[in-house]
Amino acid sequence: MVNKAEIILHPVRMKISQALMRNKENGLTSLEMVKIIKDVPQATLYRHIQVLLDAGVIRIMKEKKVRSISEKYYTLNEEEARLSADEWKKSSTKEKLNYISHYQLSIMTQYQNYLTKLEEQDSSNDGATFSLVELKLDDENFIKFQNELNDLMIKYYNTSNNVNDLDAPIRTIAFTIIPES
C-alpha cells in the first residue's frame with residue numbers, strides 16, 4: 001500500500017473499522033465480520049483484514065482455540081486508525097480529493113442503507129439530519145471551535161463505549177470542515 005490514508009480510507013476497510021469500533025470491547029472474528037458486512041465477498045473481506053493487520057490499523061486482541069483451529073479476535077488500533085495532521089498535509093491534492101470521495105461515498109452508502117431499513121419500518125421515526133453552516137471565524141476561534149468539537153466527539157465516543165445496553169442504536173456522526181483560503 002502506498003500510504004496510511006489509502007489504507008484506512010478504502011471503502012471496504014472503512015466498513016471493517018466501523019464494525020470493529022462498534023465491537024471494541026470483545027473484538028470480532030473474521031467470520032463475525034462476514035456476518036456484519038454482508039455486501040462484501042468473504043475472500044475480499046479477508047484480504048482487506050490482512051491489509052489492515054499488516055499496516056497495524058487493526059490488531060489481534062485474543063486467540064481462542066476452537067477444535068483444531070485458533071480463532072483470532074480483531075480490534076481496532078485506534079491511534080493507527082487516524083491520520084495525523086502531518087500525514088494529511090503530505091497528501092497531494094489529487095489524493096485528498098480521492099480520500100474525501102471515499103469518505104463521502106461511505107456516508108452516502110450508510111445513509112442509503114438507513115433509508116432502506118426505514119422504508120421497511122415506521123418512517124415517521126426518522127431521526128436523521130444534516131446541515132450546512134458557514135461560520136465567520138478568525139484563525140484563533142476556528143482552532144478553538146475544532147478543539148471543542150473534537151473534545152465533544154471524544155466525550156460521547158467514550159460514553160457510547162461504556163453503554164451496557166447492547167440494543168442501543170448506533171448513530172453515525174460525520175463532519176467535513178472546509179476552511180476558506
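Predicted model only: the values in this text are computed from it and were never measured. (Residues numbered from 1 in each chain as written. Predicted model: local features only at pLDDT ≥ 70, side-chain atom pairs only at ≥ 80, totals over all residues. Heavy atoms only, no water.)

## Examining the overall build of the protein
Thinking step 1. What the protein contains, in helices and strands, is seven helices and two strands.
Thinking step 2. When the helices and strands of the protein are read in sequence order from the N terminus, they spell out α-α-α-α-β-β-α-α-α.
Thinking step 3. Contacts spanning at least 24 positions in sequence make up 57% of the contacts within the protein whose residues lie at least 6 apart.
Thinking step 4. For the protein, the accessible area works out to roughly 13800 Å², and carbon and sulfur atoms hold 52% of it.
Thinking step 5. Where the 24 positive side-chain charges of the protein centre and where its 26 negative ones centre are 7 Å apart. (Helix = DSSP H or I, 4+ residues; strand = E, 2+ residues; numbered from the N terminus. Contact = heavy atoms within 4.5 Å. Areas by Shrake-Rupley, 256 points an atom, 1.4 Å probe, with all protein chains shown as cover. Lys, Arg positive; Asp, Glu negative; His and termini not counted. Charge placed at Lys NZ, Arg CZ, Asp CG, Glu CD.)

## Observations concerning the UniProt feature "domain: HTH arsR-type" (unreviewed entry) in the protein
Thinking step 1. Per the UniProt record, the feature "domain: HTH arsR-type" (unreviewed entry) sits at residues 3–87.
Thinking step 2. What you have in residues 3–87 is 48% helix and 20% strand, and the ends, taken at the C-alpha atoms, are 9 Å apart. (UniProt positions renumbered as here; feature names shortened; annotations may be inferred.)

## A word on the pairing of strand β1 (residues 58–66)
Thinking step 1. Both β1 and strand β2 (residues 69–76) contribute to a ladder of eight bridges, which runs antiparallel. Note on β2: the bridge partner recorded for K65 is S70.
Thinking step 2. What sits between β1 and β2 in their antiparallel hairpin is a turn of two residues, with R67 showing a positive phi close to 55 degrees. (Pairing = 2+ DSSP bridges.)

## Here we look at the packing of aromatic side chains
Thinking step 1. A full pass over the atoms with the stated rule returns two aromatic pairs.
Thinking step 2. For the pair W88 and Y99, a centre-to-centre distance of 6.2 Å together with 50 degrees between the ring planes defines the contact as tilted. Of the two residues, W88 sits in helix α5 (residues 85–89) while Y99 sits in helix α6 (residues 93–120), which places them 11 residues apart along the sequence.
Thinking step 3. On the accessibility criterion, W88 (33% relative accessible area) is partly exposed.
Thinking step 4. Its guanidinium or amino end placed over the ring of Y73, K62 lies 4.8 Å from that ring's centre, counting from NZ or CZ. (Phe/Tyr/Trp six-rings, centres within 6.5 Å; stacked < 30°, edge-to-face > 60°. Buried < 20%, exposed > 50% of the residue type's maximum accessible area, 1.4 Å probe, protein only. Lys NZ or Arg CZ within 6 Å of the ring centre and 35° of its normal.)

## With respect to the confidence of the model for the protein
Thinking step 1. Looking at the protein, the pLDDT average stands at 85 and 93% of residues meet or exceed 70.
Thinking step 2. No element of the protein has a lower mean pLDDT than α5, at 82, and none a higher one than helix α4 (residues 42–55), at 95. (pLDDT = per-residue confidence, 0-100.)

## Some details on the packing of helix α2 (residues 11–22) against α6
Thinking step 1. Put simply, α2 and α6 touch, their axes get as near as 10 Å, and they point 60 degrees apart. The pairing of α2 with α6 is recorded here as oblique in orientation. Relative to α6, the crossing made by α2 is right-handed. For the pair α2 and α6, contact is made by P11, M14, Q18 and R22 and by H102, Y103, S106 and Q110, respectively.
Thinking step 2. Across the contact of α2 with α6, the residue classes tally to three nonpolar, four polar and one charged. (Axes fitted to C-alpha atoms, helices over the stretch in contact; angles between N-to-C directions. Parallel < 35°, antiparallel > 145°, perpendicular 65-115°, else oblique. Left-handed = near helix turned anticlockwise from the far one by under 90°. Nonpolar A, V, L, I, M, F, W, Y, C, P; charged D, E, K, R; others polar.)

## Observations regarding the side chain of S30
Thinking step 1. If you trace the backbone, S30 turns up in helix α3 (residues 30–36).
Thinking step 2. Taking the relative accessible area as the measure of exposure, S30 reaches 17% and is therefore buried.
Thinking step 3. If we skip the residues at most four places from it in the chain, S30 touches L45, Y46, I49, K72 and Y74.

## Overview of a nonpolar patch on the surface
Thinking step 1. Nonpolar side chains collect at one region of the surface, where V133, L135, L137, F145 and I177 lie side by side and expose about 420 Å² of accessible area between them.
Thinking step 2. Within the element layout of this structure, V133 appears in the loop between α6 and α7 (139–160).
Thinking step 3. According to the relative accessible area criterion, V133 is exposed, its value standing at 61%. (Patch = residues over 30% accessible without salt bridge, like charges linked within 9 Å, V, L, I, M, F, W, Y side chains within 5 Å. Salt bridge = Lys/Arg side-chain N within 4 Å of Asp/Glu carboxyl O.)

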